[in-house]
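Here is how the chains run, residue by residue.
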Amino acid sequence: DGVFRRMKGKSYKTGCTVPRSQLRYIRTLHYDGEGCIRLGEMVCNVRISRALVDIFRALYQARYPIERMLLIDEYDADDEASMRANNSSCFNYRVKTTGTSLSKHAQGMAVDINPLYNPYVRRISSDSLYVAPAAGRAYAVRRAAFPYKIVRTDRCCEEFAKRGFRWGGAWKNSKDYQHFEK
């Protein structure tokens with residue numbers, strides 16, 4: 001009830017069609033980029049809750065760095081503000097970043113990991129990119145080395161793929177390097 005009170009009117013907006021009974025609250029240990037152990041929290045759909053617990057356990061055991069994992073409600077469910085803070089999250093009843101249909105996040109079936117360093121990138125024209133979060137523009141070019149970078153061959157991608165999640169970094173028309181969905 002306390003978690004739901006934090007969510008109500010923010011990530012669980014008026015008109016949300018996902019029944020509260022279909023959501024689960026996860027608390028998990030994770031390492032940040034400095035090697036400090038942090039306690040993270042996330043709300044997800046019951047259908048992926050066990051898989052996420054297993055994924056975060058494996059990432060913790062591998063000391064995989066996740067800078068921050070707070071409910072998006074700490075950012076008033078503002079996706080841009082949460083991403084700018086490099087906050088990893090899941091459930092947020094909202095439309096897609098570039099569209100009008102509901103996002104997989106609205107169902108609690110998508111997770112974003114270290115989003116500042118792994119932005120959503122879509123080519124608008126031959127010389128123009130749309131990048132979200134806007135502060136992640138420097139990380140849209142994936143050839144450079146930088147902290148928290150997700151690539152197809154790293155542990156994060158492997159753990160999500162083992163459990164049937166699709167990685168947005170492998171999409172053809174846009175790239176969502178932070179995004180894993182089922």
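Residues numbered from 1 in each chain as written. Predicted model: local features only at pLDDT ≥ 70, side-chain atom pairs only at ≥ 80, totals over all residues. Heavy atoms only, no water.

> Please clarify how the packing of helix α2 (residues 46–61) against helix α4 (residues 155–162) should be interpreted in this entry.
A packed helix pair is summarised by two numbers, namely the angle formed by the two axes and the spacing between the axes. Packing of α2 against α4 brings their axes to within 10 Å, and their N-to-C directions diverge by 155°. In this view, α2 runs roughly antiparallel relative to α4, as classed from their interaxial angle. Relative to α4, the crossing made by α2 is right-handed. Of α4, the residues touching α2 (which contributes Leu52, Ile55, Ala58 and Leu59) are Arg155, Cys156, Glu159 and Phe160. Of the residues that constitute the contact of α2 with α4, the class distribution is six nonpolar, no polar and two charged. (Axes fitted to C-alpha atoms, helices over the stretch in contact; angles between N-to-C directions. Helix = DSSP H or I, 4+ residues; strand = E, 2+ residues; numbered from the N terminus. Parallel < 35°, antiparallel > 145°, perpendicular 65-115°, else oblique. Left-handed = near helix turned anticlockwise from the far one by under 90°. Contact = heavy atoms within 4.5 Å. Nonpolar A, V, L, I, M, F, W, Y, C, P; charged D, E, K, R; others polar.)

> Sorry if this is basic, but what is going on with the sheet that holds strand β5 (residues 128–132) here?
Pairing between the strands of a sheet is mediated by backbone hydrogen bonds and can be parallel or antiparallel. One open sheet accounts for three strands, arranged β5-β4-β7; its pairing is antiparallel. On the outer flanks of this sheet lie β5 and β7 (175–176), each paired with one strand and no other. Pairing between strand β4 (residues 120–125) and β5: five bridges, direction antiparallel. When the bridges of β5 are listed, Tyr120 appears paired with Ala132. (Pairing = 2+ DSSP bridges.)

> Whenever I open this one, the side chain of Asp32 confuses me. Can you help?
Note on placement: Asp32 falls in the loop between β1 (23–31) and β2 (37–45). One polar contact links the side chain of Asp32 to the main-chain amide nitrogen of Cys36, over a distance of 2.9 Å. In this structure Asp32 touches Arg38, Pro65, Ile66, Glu67 and Tyr148, once residues within four positions along its chain are discounted. (Polar contact = N/O pair within 3.5 Å; in protein donor to acceptor, adjacent residues only side chain to side chain.)

> Even after reading the chapter, I still don't get α2, so can you show me in this structure?
At 3.6 residues per turn, the α-helix brings residues three or four places apart onto the same side. In this model α2 runs 23 Å from its N-terminal to its C-terminal C-alpha over 16 residues, within 8% of the 22 Å that 1.5 Å per residue would give. Looking one or two places after α2, you find Arg63, whose phi comes out positive at around 60°. (Expected span 1.5 Å × (residues − 1).)

> Teacher, can you tell me more about the layout of surface pockets here?
Any empty space left between the atoms is revealed when a probe the size of a water molecule rolls over them. Looking at the second largest pocket, its volume works out to about 150 Å³. Surrounding the second largest pocket, Val121, Arg122, Arg123, Leu129, Ala140, Lys172, Asn173, Ser174, Lys175 and Tyr177 form its lining. When residues in the lining of the second largest pocket are grouped by element, the largest group, three residues, is from β4. Of the residues that constitute the lining of the second largest pocket, the class distribution is four nonpolar, two polar and four charged. (1 Å grid on protein atoms, 1.4 Å probe; cavity = no way out; pocket = protein on both sides within 12 Å on 5 of 7 lines; lining within 4 Å. Points joined across faces, edges and corners; volume = space filled by probe spheres on them.)

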